[in-house]
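# Observations on the three-dimensional arrangement
As a plain string of letters, each chain reads:
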Amino acid sequence: MATPIHEHHGEGDHGAHAHDDHHHDPGFVQKYLWSTDHKMIAMQYLFTGMFMAIIGGYMAYVFRVHLAYPGVHVPGFGQVNPAEYNSLVTNHGTIMIFWVAMPVLIAALGNYLIPLMIGCDDMVFPRLNRLSYQIFLLSAIVLIAGFFVEGGAFGGAWTSYPPLSAKAQYNNTPLGAPIWLVAVALEFIAFLLGGINFVTTAMNSRAPGMKMFDMPIVIWMIVIASILFMASVGPLFAGAIMLFFDQTVGTGFFDPNKGGDPILWQHLFWFFGHPEVYVVLLPALGVVAEVITTFSRKKLFGYRTVLFTSFATGLLSFFVWAHHQFIAGIDPRMANVFTVTTVLISVPIAEMMFVYIATLYGGSIRLTTPMLWALSFLVAFLIGGVTGIFLGASGADIYFHDTYFVLAHFHYTFVPIAILAVFCAVTYWYPKMFGRMMNETLGKIHFWLTFVPFNGIFIPLFILGLGGQHRRIWSYENFPELSRPEYYSLRHFASISLIIMLVSQLIFIFNFFWSLKAGKVAGKNPWRANTLEWTADSPPPHGNWKELPTCYRGPYEYSVPGRESDYWPQDEKS
Amino acid sequence: MYTLIERFLPAASTYAHDIDGVIALVAIIVGFWGVLAEVILIGLVVAFREKPGVKAQYITGEQKSEMKWIAYPHHLVLLCDVLVIVAAVRVWYNVKQDLPPPDTTVRVIAQQWAWTFVHPGADNKLDTADDIAVNDELRLEVNRTYHYKLESRDVLHSFSIPVFRLKQDAIPGRVITGWFEPTKTGTYDIQCTEMCGIGHGLMPARVVIESADGHAAWIRSHRPDASLAAVK
């Protein structure tokens, strides 16, 4: 039976079990692993994702300190040797994308929000849902296990290009490389199961009266993202099996000495890898849509425009993958095709940005903590978006490929997605999840101490990229052009900013747990929002509503002329 | 703007300026859009902060008169995209597709974790007895068109000379031909820019570009060396 997690943290009737550290709770499996309640599964994904984010953040801390102060004894780690450095950057990337962005944005938000926002009692396949999380948890354990085997964790970059990833004689991680691959493959299975559930639930279980175009944008986005994921992951899954055979039984799918082709892996990987960017971007954009409409008391500017641009982006995202491979040895003529598709994807994305900015016009904007996160997402993602044009333009990419310019660019997209939008979502739906408000003052301090240092990390890295600093390099001492003192000043600035950003997360963790007990009681609808989840109790009980709601209108009917109140919940008859 | 990259690194090949030109063009276009969008975004937040007694407007964004606010910039973005694509493809074609006939061809061999550069020697022909193979140092003559034949012995590597704005992955089992023409004498970095294992960060090399006389003197100083030439 599912137990909403708030009771567990509160002064509920759990007696000896009511302590925060549920990982050693004897009833752990029954209560927390075996639940089929969508809200509990969402919490499982959320907390696992946040735990993995701490590991991924720790890795970033270690290699950033090492890069700024080469050879230094990094507090909490020690000296970083080249093999460790490679493992750290590889797994930082892998974890942040597959074990943080994916579980939190798709799985946690999808599970929590879909039934509550479309007005049903649970996902349509609750046991499949449970299995999805269990496989995901297993995949996380397998990944971390890679650090404790002989030879250490895989260090061939998160893209895992063969032949380096295929042969132990090249990568020196005879166990780490296959373990990494198995973990990633398991994770794909988990999200395939989840994706089936999300799409089916959103299509079939909407409340009476809720038409397709009455669904909140965030639900649409999760559905589109799930479809993108399911349609793109197949080729990579096949590739992963081939690579696993290359690693373990000596087949030659990617081995040129045996008639294989290493470039084939790159195509399979990026055919998945680029849609994957939009798989995590779209739910983040969805979250932002919910938050900016609520806190500007405005109808979304052009609901259908947002949807159609999302469809266009999703479709186009299947035809841009080789921009990762311009200089990889593909036929140079192919670069021209992919430059066109890649640069053109800026059109729907720019349009989406315009729509969000236009939504603010004429609003009554309240700068609450969730709204600050949503606006910061737009500010940062705009920078991430426009810098992508440099890389999509083949002629410019010859210089920028595999430099810190690329790295700074995609962190300006992934940090807004996986950090800013996630904090936006957590601070916005926290009252619904746990029945209490988070502290706004702490929330705003945390916001500024995250957003400012985030820019402090990556603006210097953009500059280093312009100077030709290439990626995944253990030490720049050997490169006279890159070991100038002013470049070290930039590296110091970036690394110190990172430390400030990481330490500031303690404010959030404190606020999160402190508010569980001490926060103001939220009530059903503290933000005076329209969507259906705000008509359920906070937190919603098992089954969500005593009587399932009926939907009468679209989700963004704010400040409708002629009405006393500035919002109009979807379930209110008139 | 045109010298954006040259603030950091000299431009030492014939096409370096072309690539810097594309970068500058993109910087101007996206700089314009990026700054404009940020200013409007922040401006709207300031202008439409909650005020007592003022209700938000009801704008659906689905009327023709409203949609033009999206449609106009939409078409402008498309126009800018076309500009960027044309500029990028032209330079790409020049650097990667249209190889001018070479004055000299060098062989570049990458392996874990070193570069071997095979120079043709006095006869200007590769695969002859007077080839000069050097580890981690590429010797070039200024203002001469070179072809490189890029190979890898083991995993993927990437041959990058930032002052040339040149980058090309090396793939085991293939020989990839490309070109460059140095325009400045001096000694510059060569990087490996594709993750190639534990020693990826420990694979530096240098390119030495000399005048015709200096380069000829270097060639003369090397007697044909059978053992090194055998690595070709």
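Quick caveat, the model's predicted, so the values are computed rather than measured. (Residues numbered from 1 in each chain as written. Chains lettered and ligands numbered in written order. Predicted model: local features only at pLDDT ≥ 70, side-chain atom pairs only at ≥ 80, totals over all residues.)

## Regarding the overall build of chain B
- Regarding its fold elements, chain B presents 4 helices and 10 strands.
- Going residue by residue from the N terminus, the α and β elements of chain B occur as α-α-β-β-β-β-β-β-β-β-β-β-α-α.
- By the compact-globule yardstick of 17 Å for 232 residues, chain B is too spread out, its C-alpha radius of gyration being 25 Å.
- Viewed in the frame of its principal axes, chain B has a C-alpha envelope of about 90 × 35 × 30 Å. (Helix = DSSP H or I, 4+ residues; strand = E, 2+ residues; numbered from the N terminus. Rg over C-alpha atoms; globule rule 2.2 N^0.38 Å.)

## Remarks on the overall build of chain A
- Looking only at helices and strands, chain A features 17 helices and 0 strands.
- For chain A, whose C-alpha radius of gyration is 23 Å, the value lies close to the compact-globule estimate of 25 Å for 574 residues.
- The principal-axis extents of the C-alpha atoms in chain A amount to approximately 70 × 55 × 45 Å.
- Here chain A holds 574 residues, and 62% of them are scored as buried.
- The contacts of chain A with a sequence gap of at least 6 include a subset with a gap of at least 24, amounting to 80%. (Buried ≥ 20, exposed ≤ 12 C-beta atoms within 10 Å, placed from the backbone. Contact = placed C-beta atoms within 7 Å.)

## Regarding the interface of chain B and chain A
- With 77 residues of chain B at the contact, the number on the chain A side is 83 residues.
- Secondary structure elements with two or more residues in the side of chain B that touches chain A: helix 1 (16–47), helix 2 (64–97), strand 6 (157–161), strand 7 (166–170) and strand 9 (186–192) of chain B.
- Here the element with the most residues in the side of chain B that touches chain A is helix 2 of chain B; it accounts for 18 residues.
- Residues belonging to the side of chain B that touches chain A are distributed by class as follows: 46 nonpolar, 17 polar and 14 charged. (Nonpolar A, V, L, I, M, F, W, Y, C, P; charged D, E, K, R; others polar.)

## Considering the nonpolar core
- Val288(A) and Cys424(A) are the most contacted members of the largest nonpolar core, which has 268 residues in total.
- Among the domains, domain 1 (5–97) and domain 2 (104–229) of chain B are the pair contributing at least three residues each to this core.
- Here Val288(A) is in contact with Tyr356(A), Ala374(A), Phe377(A), Leu378(A), Ala421(A) and Cys424(A), once residues within four sequence places are set aside. (Core = buried A, V, L, I, M, F, W, Y, C linked by C-beta atoms within 7 Å. Domains from an automatic or database assignment.)

## Examining the domain arrangement of chain B
Residue and element names in this part refer to chain B.
- On domain assignment, one finds that chain B holds domain 1 (5–97) and domain 2 (104–229).
- Its C-alpha centre places domain 1 at a distance of 39 Å from the equivalent point of domain 2.
- Of the residues that constitute the side of domain 1 that touches domain 2, the class distribution is 7 nonpolar, 2 polar and 1 charged.

## Digging into the pairing of strand 10 (residues 205–210) of chain B
Residue and element names in this part refer to chain B.
- Burial of strand 10 is one-sided: the residues Ala205, Val207 and Ile209 facing one way are buried, the residues Arg206, Val208 and Glu210 facing the other way are not.
- Bridging between strand 4 (residues 137–141) and strand 10 involves 5 bridges; their strand directions are parallel. Each residue of the ladder has a partner; that of Glu137, found in strand 10, is Arg206.
- Looking at chain direction, strand 9 and strand 10 are connected through 5 bridges and run antiparallel. Bridging across to strand 10, Ile190 finds its partner in Ala205. (Pairing = 2+ DSSP bridges.)

## With respect to the sheet that holds strand 4 of chain B
Residue and element names in this part refer to chain B.
- The strand order across the open sheet built from 5 strands is 4-10-9-6-7, with neighbouring strands paired in mixed fashion. The open sheet terminates on both sides in strands that have one partner only, identified here as strand 4 and strand 7. Geometrically, the sheet is characterised by an average inter-axis angle of 20° between neighbouring strands, direction not taken into account. (Axes fitted to C-alpha atoms, helices over the stretch in contact; angles between N-to-C directions.)

## Focus on the confidence of the model for chain A
- Confidence along chain A averages 92 in pLDDT terms, with 95% of residues attaining 70 or more.
- pLDDT under 50 marks residues 1–26 of chain A. Its contacts with residues more than four places away, or in other chains, come to 29 contacts. (pLDDT = per-residue confidence, 0-100.)

## Considerations on helix 5 (residues 126–145) of chain A
All names here are of chain A.
- If you check helix 5, its first and last C-alpha atoms are 29 Å apart, about what 20 residues at 1.5 Å a residue would give, namely 28 Å.
- Among the residues of helix 5, Asn129, Arg130, Ser132, Tyr133, Phe136, Ser139, Ala140 and Leu143 are the ones counted as buried.
- Those residues of helix 5 that are buried are in contact with helix 3 (38–68), helix 4 (82–118) and helix 7 (176–204). (Expected span 1.5 Å × (residues − 1).)

## A few points about the packing of helix 4 of chain A against helix 9 (residues 262–296) of chain A
Residue and element names in this part refer to chain A.
- The interhelical angle for the contact between helix 4 and helix 9, taken along N-to-C directions, is 55°, at an axis separation of 9 Å. The angle between the axes of helix 4 and helix 9 places the two elements in the oblique class. Where helix 4 crosses over helix 9, the two elements pack in a sense that is left-handed. Counted together, Ala101, Met102, Leu105, Ile106 and Leu109 of helix 4 and Val279, Val280, Pro283, Ala284 and Val287 of helix 9 form the full contact between these two elements.
- Classifying every residue of the contact of helix 4 with helix 9 by side-chain character gives 10 nonpolar, no polar and no charged. (Parallel < 35°, antiparallel > 145°, perpendicular 65-115°, else oblique. Left-handed = near helix turned anticlockwise from the far one by under 90°.)

## As for the pairing of strand 1 (residues 104–111) of chain B
All names here are of chain B.
- As defined by bridge partners, strand 1 adjoins strand 5 (residues 146–152) across 7 bridges and the pair is classed as parallel. The residue bridging Thr105 from the neighbouring strand is His147, located in strand 5.
- Here strand 1 pairs with strand 2 (residues 114–119) via 5 bridges, running antiparallel. In the strand pairing of strand 2, Gln111 is matched with Ala114.
- Once strand 1 ends, the chain turns through 2 residues before running back antiparallel as strand 2.

## Concerning unusual backbone geometry
- Here the bond from Pro162(A) into Pro163(A) is cis, since omega is 0°, no more than 30 degrees from zero.
- As for its placement among the helices and strands, Pro163(A) is situated in the loop between helix 5 and helix 6 (168–171).
- Going from Gln112(B) to Trp113(B), the amide bond is cis rather than trans, its omega being -5°.
- Mapped onto the fold, Trp113(B) is located in the loop between strand 1 and strand 2.

## Some remarks on the environment of Arg553(A)
Residue and element names in this part refer to chain A.
- Turning to its location among the elements, Arg553 is positioned in the segment after helix 17 (485–518).
- C-alpha separation for the pair Arg553 and Glu572, spaced 19 residues apart in sequence, amounts to 8.6 Å.
- Here Arg553 is in contact with Asp214, Trp568 and Gln570, once residues within four sequence places are set aside.

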